[in-house]
Amino acid sequence: MEPGSRGAAPAGVSVSAVLPAGGSGERLGGATPKQFCAVQGRPLVSYAVRAMERVSWISDIIVVVSPEYIETMKTIIEKYNHRRVTVVEGGITRHRSIFNGLKVFAENGFSSHLLQKPEVVIIHDAVRPFVEEDIISKVVMAAKEHGAAGAIRPLVSTVVASAADGCLDHSLERARYRASEMPQAFLFDIIYEAYQQCTDYDLDYGTECLHLALKYCKTNAKLVEGTADLWKVTYKGDLYAAESIIKENLSQQVCVITNEKETLAQVGFLLPESLKSQIKVEAISVSLSKNDSRLQNIISGQCYNFVYVNEKRCALQETQELVDMLEKSNIPLLCPVVLISVLLDISENNSVSIGMEDLTTIKKFARETKKKNILVYGLLIQYK
């Protein structure tokens, strides 16, 4: 997975997402459903919600949970500062839960208010935490053109059918088949009509949304080749794998921030150039006081490493503004955030010194931010 990868926003298309999260997690084992199991201290469902939140053109995110976990889900939304999220009570099966999620846009009584019906709706599992905007965009644009679309991946193993006596009956030619993955997307009117026409057997035993669109609306879905990170957390070992991926990605991205002054912007350009062969770098030149949307998107994309290049005389004040921004984002609740404050002395005076009072203030500031799980380091550079 490449954190922060961006796809093209579908022009003029209204989009919302439904995340079924009502499963019991029987295959995982344990009392807690897998979507509520903690990965790096954070519930798995929160990662999936965050993945959708990062996509600015998704208007509403519907999370469908079983009745006994509605309050748990609301607590997660509040704790991790999720936005644009509506919690809906699920049904006894996956299809019934998805149908309930769709009803929020078409029927009164399934949320506190009727939400604006989107042109395209995304359906994505709450236990697939690593979906990126690029594949979401491709699936949505394909659904806009074809009526339905879904991500697929090559089969890893050959599929066989057994006879009544438990012996091999036949096998499928693996090269001809693909594994259906998520996300999937549909023109809302098509998938909603399909669910309205479903039999109880479909709702109770079916699992494939693309098949419903084909069966009831004669809509042949466009299949979009997905990436290797679309896998679903199913077994206990998958939780450990997810944790490993998250830990690895924490060290793979850094955001270099400068303000809009020419000298600082120049340093802000040279630093990413020297780092980009070793790590994924986002470089932006912004004024923190303007609440720049680019910086907000990077933070919401779960970047945990920041280098802030600023002038020595106003360094602490501006660093505090950035710390406040990071704290409000709630990302330090998950993992430590590293902030390296590069203090750039651009004065012509060659004697660089920091008084004891300044040093005491800086140390106190670093101690306080550490309590917030934000680790601040300082670097003083004399620049000519």
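Note on numbering: residues in each chain are counted from 1, in written sequence order. Confidence filtering applies because this is a predicted model: local features only for residues at pLDDT of at least 70, side-chain atom pairs given and counted only at 80 or more, and all residues used for totals across whole chains, interfaces and linings. Here the side-chain values reflect all heavy atoms present in the structure, with hydrogen atoms and water set aside.

- Per an unreviewed UniProt entry, the chain goes by D-ribitol-5-phosphate cytidylyltransferase and derives from Erithacus rubecula.
- UniProt positions are given in the numbering used here, feature names are shortened, and annotations may be inferred rather than shown by experiment. The annotation that UniProt attaches to the chain under Subcellular location (unreviewed entry) is "Cytoplasm, Cytosol".
- Looking at the chain in UniProt, the text filed under Pathway (unreviewed entry) is "Protein modification; protein glycosylation."

## Describing the environment of Asn-310
Next, step 1: Considering the arrangement of structural elements, one finds Asn-310 in strand β14 (residues 305–311).
Next, step 2: Taking the C-alpha atoms as reference points, Asn-310 and Val-342, separated by 32 residues in sequence, lie 6.3 Å from one another.
Next, step 3: In terms of polar contacts, Asn-310 uses its side chain to reach the side chain of Thr-319, at 3.5 Å. In DSSP terms, a helix is any run of H or I states spanning at least four residues, a strand is any run of E spanning at least two, and both are numbered starting from the N terminus. Any pair of nitrogen or oxygen atoms within 3.5 Å is treated as a polar contact; in protein, a donor-acceptor pairing is required on top of that, and neighbouring residues in sequence qualify only through side-chain atoms on both sides.

## Some remarks on the sheet that holds strand β11 (residues 222–225)
Next, step 1: Here seven strands make up an open sheet; going across it, the order is β5-β4-β1-β6-β10-β7-β11 and the pairing mixed. Both edges of this open sheet fall to β5 (85–89) and β11, since each of them pairs with a single strand only. On average, each strand axis in the sheet is inclined to that of its neighbour by 25°, with strand direction left out of account.
Next, step 2: A pair of strands is labelled paired if DSSP reports no fewer than 2 bridges between them. Relative to strand β10 (residues 178–187), strand β7 (residues 148–154) is paired through six bridges, and the arrangement is antiparallel. Counterpart to Pro-154 in the pairing with β10 is Arg-178.
Next, step 3: In this description, contact between two residues means that some pair of their heavy atoms is separated by no more than 4.5 Å. All axes are obtained by fitting lines to C-alpha atoms, using only the stretch in contact for helices, and the reported angles, taken between N-to-C directions, cover 0 to 180 degrees. On top of the sheet, helix α1 (residues 44–53) reaches β1 (15–20), β4 (58–65), β5 and β6 (120–123); it is set at about 165° to β4, its chief contact.
Next, step 4: Packing of helix α7 (residues 209–217) onto the sheet brings it into contact with β6, β7, β10 and β11, and relative to β10 it is tilted by some 60°.

## A look at helix α11 (residues 315–329)
Next, step 1: Working rule for helices: expected span equals 1.5 Å times residues minus one. Taking 1.5 Å per residue, 15 residues should reach 21 Å; α11 reaches 21 Å between its end C-alpha atoms and fits that length.
Next, step 2: Ala-315, Glu-318, Thr-319, Leu-322, Val-323, Met-325, Leu-326 and Ser-329 are the residues of α11 that are buried. The arc that holds every buried residue of α11, seen down its axis, measures 160°, which confines them to one face. Projecting away from the buried face of α11 at angles above 90 degrees are the exposed residues Gln-317 and Lys-328. Classification of residues uses two cut-offs on accessible area relative to the type maximum, computed with a 1.4 Å probe and protein chains only: under 20% is buried, over 50% is exposed, and between them is partly exposed. By arc we mean the arc of the directions from the helix axis to the C-beta atoms, nothing more.

## A look at the nonpolar core
Next, step 1: We call a set of buried Ala, Val, Leu, Ile, Met, Phe, Trp, Tyr and Cys residues a nonpolar core when their side-chain atoms join them within 4.5 Å. Of all hydrophobic cores here, the largest spans 40 residues; its most connected members are Val-45, Met-52, Ile-58, Val-63, Met-73, Ile-122 and Ile-136.
Next, step 2: Each residue touching Met-73, except ones within four places of it in the same chain, is listed here: Phe-36, Val-45, Val-49, Val-63, Val-65 and Val-87.
Next, step 3: Counting 29 residues, the second-largest nonpolar core is a separate cluster that includes Val-121, Phe-188, Tyr-195 and Ala-213.

## Brief notes about α7
Next, step 1: Those residues of α7 not exposed but buried are Cys-209, Leu-210, Leu-212, Ala-213, Tyr-216 and Cys-217. Looking straight down α7, one finds its buried side chains confined to an arc of 160°; they lie on one side.
Next, step 2: The N-cap of α7, judged by a side-chain oxygen 2.9 Å from the amide nitrogen of Leu-210 a few residues on, is Glu-208.
Next, step 3: Backbone geometry just after α7 places Lys-218 at a positive phi near 55°.

## Let's talk about the packing of helix α3 (residues 94–103) against helix α5 (residues 188–197)
Next, step 1: Put simply, α3 and α5 touch, their axes get as near as 10 Å, and they point 130° apart. Classified by the angle between their axes, α3 and α5 sit oblique to one another. Classified by chirality, the crossing of α5 by α3 is left-handed. For the pair α3 and α5, contact is made by His-95, Ile-98, Phe-99, Leu-102 and Lys-103 and by Phe-188, Ile-191, Tyr-192, Tyr-195 and Gln-196, respectively. Our angle categories are set so that under 35 degrees counts as roughly parallel, over 145 as roughly antiparallel, 65 to 115 as roughly perpendicular, and the remainder as oblique. In a left-handed crossing the near helix is turned counterclockwise from the far helix by less than a right angle, and in a right-handed crossing that turn is clockwise.

## Quick look at unusual backbone geometry
Next, step 1: A cis geometry characterises the amide bond from Met-182 onward to Pro-183, with omega recorded as 10°.
Next, step 2: Residue position: Pro-183 is located in strand β10.

## A look at the pairing of strand β15 (residues 337–345)
Residues in a regular strand point their side chains to alternate faces of the sheet.
Next, step 1: By the criterion of burial, β15 is predominantly enclosed, with seven of the nine residues buried.
Next, step 2: As defined by bridge partners, β14 adjoins β15 across seven bridges and the pair is classed as parallel. Bridged to Tyr-308 within β15 is Ser-341.

## Quick look at the packing of aromatic side chains
Next, step 1: Stacked, edge-to-face and tilted labels apply to pairs of Phe, Tyr and Trp rings (six-membered ring for Trp) whose centres lie within 6.5 Å, assigned for plane angles under 30 degrees, over 60, and everything in between, in that order. The full count for this structure, using the stated rule, is seven aromatic pairs.
Next, step 2: Aromatic pair Phe-36 and Tyr-69: ring centres 4.7 Å apart, planes at 10°, arrangement stacked. You can see Phe-36 sitting in the loop between β1 and β2 (38–39) and its partner Tyr-69 sitting in the loop between β4 and α2 (70–79), a full 33 residues away along the chain.
Next, step 3: Note on Phe-36: relative accessible area 10%, which makes it buried.
Next, step 4: Members of the aromatic cluster, connected to one another through ring pairs, are Phe-99, Phe-105, Phe-188, Tyr-192 and Tyr-195.
Next, step 5: It is Arg-42 that lies over the ring of Tyr-47; its NZ or CZ is 5.7 Å from the centre.
Next, step 6: In this structure, Lys-103 is placed above the aromatic ring of Phe-99, and the distance from its NZ or CZ to the ring centre is 4.3 Å. In this scheme, Lys NZ or Arg CZ marks a charge over a ring once it lies within 6 Å of the ring centre and within 35 degrees of the ring normal.

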